[in-house]
Amino acid sequence: MSVDLRTRYLGLDLAHPIVASASPLTGSIDSLKRLQDAGIAAVVLPSLFEEQIEHDEMSAHNLMMYGAELSPEAQGFFPEMQYSTGPDKYLQLIADAKKALRVPVIASLNGYTPGGWTGIARKFQEAGADALELNVYFLAASIDDTSAEVEARYVELVESVTRQVSIPVAVKVAPYFSAMANMAARLAKAGARGLVLFNRFLQPDIALEELEVAPRLVLSTSDELRLALRWIAILRGRVDVSLAATGGAHTPDDVLKLLLAGADCVMLASSLLTKGPKHVGALVRGIEAWMREREYASVAQLKGSLSQESCPDPDAFERANYMKALKSYTSEFV
Ligand SMILES: Cc1cc2nc3c(=O)[nH]c(=O)nc-3n(C[C@H](O)[C@H](O)[C@H](O)COP(=O)(O)O)c2cc1C
C-alpha cells in the first residue's frame, strides 16, 4: 500500500510534514542544499532580528556565542553563521535560497516591538520568500506591564507585519500566556495564517566559577514535545490557522504523535543539528512504515485524529488525568 505523506502548511503544498526549523543549519546555501538533497519538505531560514535592523547587534552576538556551546557533532554541521549579518545579506540569502531550492523557503523575522522595523517584511516578500515566520521573542519582565498590555503588543506587532505582505505569515510564540487558546484566536484575527508552537526561550544559567550569568543553549530532548502536543491538540479545529510543532521532535514516533494531535507539519532543529540532514530520510521512512503497518493511507487521514475534538477522552489534554498520574507515581523511596 502506498502512503500519501503530503500535507499543507500556510497554504503551501509540502511533500511530507518534516520541515527544517530556523537554526544555523538553514543559514547557508550549502547546508540548505544538503537539507534539500536529504529530502526536507520546506526550510525556515534563521531569523533576522529586530536588533539587526535597528543596528544593535547585541542579540545576534549572543546567539553566536550560544552556538559555540553546542556539542562537537552539532558544530560540525554549522555553516557560516547568518546571525551576524544585516538586512541586505539576509535579503540576499532569501533570494539565493529561492534560486537554489525547489522546496518552499520561509523567511524568519524575530522581534518584540511594533514599529518601523517591521517594514522589512515587504522586502522579504520581494526577495521571494514563500512565507514569513514572525518569532515574537519577548519576556514580560517588567512589573508595570499587565498581561493585557503584553497581549495587545503581540496583536499590534502581528498586525503591523501582516498588513505589509500578501504572503502567509506564521507566528512563533512562547507558551507563557494565561489564556493560550484565546491568544491563538486573537493572533489569527490579527492576520496570522499559522502558529508555530512553541518558541523555546534560552534560559540563563549561572557560572559558579566566574560568578557570572551565562547564556547556555541546551538542545531539546523528546520529552519537551508534550507541551506543543497538548496545545496543538487543543487548538486543532478550533482556530482557523495552520499549526506547526517545534520543540522536541527527534524520532518518527515524535513526529507521528504531533501529527495525531493535529500538527500540519513538524519543525526540527536539535535533531538535525546533532544527527545531520540525513536524519530527514530516517524520519520519513519511519513515519511511512508506521502508517503502512496501521493501514493509514495518508497524513491527511492521520492528522488530528487524536486532537482534543476527536479523541475519546478530551479531558486528558487539560488536567491530563493529573490526580491519577500523581497517585500512580512510584519510587523506591516512597
Ligand atoms: C543554535 C540554534 C539557533 C536557533 N536560531 C533560531 C532563529 O534564528 N530563529 C528562530 O525562530 N528559532 C531559532 N532556533 C529555535 C529552533 O528553530 C527551534 O524552534 C527550537 O530549537 C526547538 O526545536 P528543536 O527541539 O527541534 O530544537 C534556534 C535553535 C538553535 C538550537
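The structure displayed is predicted, hence computed values, not measured ones.

Asker: Explanation requested: the overall build of the chain in the structure shown.
Answerer: Assigned secondary structure in the chain consists of 14 helices and 12 strands. Since a compact globule built from 334 residues should have a radius of gyration of about 20 Å, the 20 Å found for the chain is in line with a globular shape. Counting only C-alpha atoms, the chain reaches 50 × 50 × 45 Å along its principal axes. Within the chain, residue pairs in contact and separated by at least 24 positions form 73% of the contacts whose partners lie at least 6 positions apart.

Asker: Hey, could you run me through unusual backbone geometry in this one?
Answerer: For residues other than glycine, phi is negative in most cases, and the peptide bonds are mostly trans. The omega torsion across Leu197 and Phe198 is 0 degrees, close enough to zero to call that bond cis. Along the chain, Phe198 falls in the loop between strand S8 (194–197) and strand S9 (204–207). One non-glycine residue, Leu211, lies in the positive phi region at around 50 degrees. Its place among the elements puts Leu211 in the loop between S9 and strand S10 (212–215). For Glu295, which is not glycine, the phi torsion reads 60 degrees and is therefore positive.

Asker: Which parts of the structure should I look at to understand the packing of helix H7 (residues 147–162) against helix H8 (residues 180–189)?
Answerer: Between two packed helices, what matters for the description is the angle formed by their axes and the separation of those axes. Where H7 contacts H8, the two axes come as close as 9 Å, and the packing angle between them is 30 degrees. Taken together, the axes of H7 and H8 are roughly parallel relative to one another. Every pair of crossing elements has a handedness; the one defined by H7 and H8 is right-handed. Residues Glu151, Tyr154, Val155 and Val158 of H7 touch H8, and the partners they reach there are Met183, Arg186 and Leu187. Classifying every residue of the contact of H7 with H8 by side-chain character gives five nonpolar, no polar and two charged.

Asker: Honestly, the sheet that holds strand S11 (residues 242–246) in this entry has me stumped. Any pointers?
Answerer: Each strand in a sheet pairs with another by means of backbone hydrogen bonds, the pair being arranged parallel or else antiparallel. The strand order around the closed barrel formed by eight strands is S3-S4-S5-S6-S7-S8-S11-S12, and the pairing between neighbours is parallel. Taken over all neighbouring pairs, the strand axes of this sheet differ in orientation by 25 degrees on average, direction set aside. Relative to strand S12 (residues 265–268), S11 runs parallel, the two sharing three bridges. Residue pairing for S12: Ala244 is matched across the bridge by Cys265.

Asker: Can you walk me through the nonpolar core in this structure?
Answerer: Grouped burial of nonpolar side chains is what soluble globular proteins tend to show. Counting 90 residues, the largest nonpolar core has Val19, Val43, Ile232 and Leu258 as the members making the most contacts within it. Here this core gets eight residues from one element, more than from any other, and that element is helix H9 (residues 225–235). Those residues in contact with Val43 that sit more than four places away from it in its chain are Val19, Ala20, Thr26, Leu32, Leu35, Val103, Val105 and Ile106.

Asker: Explain the site of the ligand here, please?
Answerer: Near the ligand, the surroundings consist of 24 residues, among which Ser21, Ala22, Ser220, Ala269 and Ser270 are the closest. Elements supplying a minimum of two residues to the shell around the ligand: strand S4 (42–49), strand S5 (105–111) and helix H11 (270–275). Along the lines of polarity and charge, the residues of the shell around the ligand split into nine nonpolar, 13 polar and two charged.

Asker: Any chance you could explain the pairing of S9 here in plain terms?
Answerer: Two elements, S9 and S10, share four bridges in a ladder whose sense is antiparallel. Bridging across to S10, Asp205 finds its partner in Ala214. The loop that links S9 with its antiparallel partner S10 comprises four residues; one of these, Leu211, has a positive phi angle of about 50 degrees.

Each value, and the rule that gives it
- Residues numbered from 1 in each chain as written.
- Predicted model: local features only at pLDDT ≥ 70, side-chain atom pairs only at ≥ 80, totals over all residues.
- Helix = DSSP H or I, 4+ residues; strand = E, 2+ residues; numbered from the N terminus.
- Rg over C-alpha atoms; globule rule 2.2 N^0.38 Å.
- Contact = placed C-beta atoms within 7 Å.
- Axes fitted to C-alpha atoms, helices over the stretch in contact; angles between N-to-C directions.
- Parallel < 35°, antiparallel > 145°, perpendicular 65-115°, else oblique.
- Left-handed = near helix turned anticlockwise from the far one by under 90°.
- Nonpolar A, V, L, I, M, F, W, Y, C, P; charged D, E, K, R; others polar.
- Pairing = 2+ DSSP bridges.
- Core = buried A, V, L, I, M, F, W, Y, C linked by C-beta atoms within 7 Å.
- Buried ≥ 20, exposed ≤ 12 C-beta atoms within 10 Å, placed from the backbone.
- Near = placed C-beta within 6 Å.

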